[in-house]
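So you can see what is in the structure, the chains are spelled out below.
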Amino acid sequence: MTRLVPFPFVSAGLLVTWLLFNQSLSPGQILLGVVVALGGGWVLATLQPPKARPRRVFATFALAGLVTADIIRSNIAVARIILGPKHKKITSGFVHIPLELRDPYGLAALACIITSTPGTLWVDFNAASGELTIHVLDLIDESEWIDTIKGRYERKLLEIFG
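Cut-off values and rules
- Residues numbered from 1 in each chain as written.
- Predicted model: local features only at pLDDT ≥ 70, side-chain atom pairs only at ≥ 80, totals over all residues.
- Heavy atoms only, no water.
- Helix = DSSP H or I, 4+ residues; strand = E, 2+ residues; numbered from the N terminus.
- Rg over C-alpha atoms; globule rule 2.2 N^0.38 Å.
- Buried < 20%, exposed > 50% of the residue type's maximum accessible area, 1.4 Å probe, protein only.
- Contact = heavy atoms within 4.5 Å.
- Areas by Shrake-Rupley, 256 points an atom, 1.4 Å probe, with all protein chains shown as cover.
- Lys, Arg positive; Asp, Glu negative; His and termini not counted.
- Charge placed at Lys NZ, Arg CZ, Asp CG, Glu CD.
- Core = buried A, V, L, I, M, F, W, Y, C linked by side-chain atoms within 4.5 Å.
- Patch = residues over 30% accessible without salt bridge, like charges linked within 9 Å, V, L, I, M, F, W, Y side chains within 5 Å.
- Salt bridge = Lys/Arg side-chain N within 4 Å of Asp/Glu carboxyl O.
- Axes fitted to C-alpha atoms, helices over the stretch in contact; angles between N-to-C directions.
- Left-handed = near helix turned anticlockwise from the far one by under 90°.
- Nonpolar A, V, L, I, M, F, W, Y, C, P; charged D, E, K, R; others polar.

Brief notes about the overall build of the protein
For step 1, the next point in the chain: A tally of helices and strands in the protein yields five helices and three strands.
For step 2, the next point in the chain: Ordered by position in the sequence, the α and β elements of the protein form the string α-α-α-β-α-β-β-α.
For step 3, the next point in the chain: Its C-alpha atoms give the protein a radius of gyration of 20 Å, more than 25% over the compact-globule value 15 Å for 162 residues.
For step 4, the next point in the chain: Along the three orthogonal principal directions, the C-alpha set of the protein runs to about 60 × 35 × 25 Å.
For step 5, the next point in the chain: Within the span of the protein, comprising 162 residues, buried residues form 28% of the whole.
For step 6, the next point in the chain: Excluding contacts between residues fewer than 6 apart, the proportion of contacts in the protein whose partners are at least 24 apart in sequence is 70%.
For step 7, the next point in the chain: With an accessible surface of roughly 10,500 Å², the protein has 67% of that area assigned to carbon and sulfur atoms.
For step 8, the next point in the chain: Here the protein holds 15 positive side-chain charges and 12 negative ones, and the gap between their average locations is 8 Å.

As structure tokens, then:
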């Protein structure tokens, strides 16, 4: 069975996504969705991704809450910058953050968190030194960003992916 469907959750997700995008449950769309889902699973199997080994699954809920709150706060802050008075000087810049996190899934989650937060962007990660570079739209205090990334996100991701 694993040979036919090597990643059943990925294949099921692809099938559901296919059907949602096409907004149809016709037999033809279901058949086409099954073909796409199986093909996607086989392609992923050829890439041979490393096994994810999350340790504390419930910590993901706490992390999701933190990220949601930060995204909302950041949306408001970016809206104030864009819609606010134009005489305020905005200083954008790059922040270099040393990370302990090395798990590829943890790093991917951190990349998604940083990039989905308005006003920030993942720029580079140096695997040899473990240094992350991000770009911040309104950089006031570099140490505050380092504390936020390391204290809020990296700490939780280390709990999850350790």
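As for the nonpolar core
For step 1, the next point in the chain: Ile 97, Leu 99, Leu 110, Trp 122, Leu 132, Ile 134 and Ile 149 are the most contacted members of the largest nonpolar core, which has 24 residues in total.
For step 2, the next point in the chain: Of all the elements in the fold, those that place two or more residues in this core are helix H3 (59-83), strand E1 (93-98), helix H4 (104-116), strand E2 (120-126), strand E3 (131-136) and helix H5 (142-161).
For step 3, the next point in the chain: When residues of this core are assigned to their parent elements, the largest contribution, six residues, is made by H5.
For step 4, the next point in the chain: Ile 97 has contacts with Gly 130, Glu 131, Leu 132, Ile 134, Trp 145, Ile 146, Ile 149 and Lys 150, leaving out every residue within four places of it along the chain.

Concerning a negative patch on the surface
For step 1, the next point in the chain: On the surface, Asp 141, Glu 142, Glu 144 and Asp 147 cluster together into a patch of negative charge.
For step 2, the next point in the chain: Turning to its location among the elements, Asp 141 is positioned in the loop between E3 and H5.

Describing the pattern of salt bridges
For step 1, the next point in the chain: By the definition in use, this model includes six salt bridges.
For step 2, the next point in the chain: Across the pair Arg 56 and Glu 159 runs a salt bridge whose closest N-O atoms are separated by 3.6 Å. Highlighted residues: Arg 56 in the loop between helix H2 (27-47) and H3 and Glu 159 in helix H5, separated in sequence by 103 residues.
For step 3, the next point in the chain: By relative accessible area, which is 24% here, Glu 159 ends up partly exposed.

Some remarks on the packing of H4 against H5
The relative placement of two packed helices comes down to the angle between their axes together with the axis-to-axis distance.
For step 1, the next point in the chain: Two elements in contact, H4 and H5, have axes separated by 10 Å at closest approach and are oriented at 145°. Remark: the crossing between H4 and H5 carries right-handed chirality. Taken together, the residues of H5 that come into contact with H4 (itself represented by Tyr 105, Gly 106, Ala 109, Leu 110, Ile 113 and Ile 114) are Ile 149, Tyr 153, Leu 157 and Phe 161.
For step 2, the next point in the chain: Of the residues contributing to the contact of H4 with H5, the split by class is nine nonpolar, one polar and no charged.

Any link to function would need more than the numbers given here.
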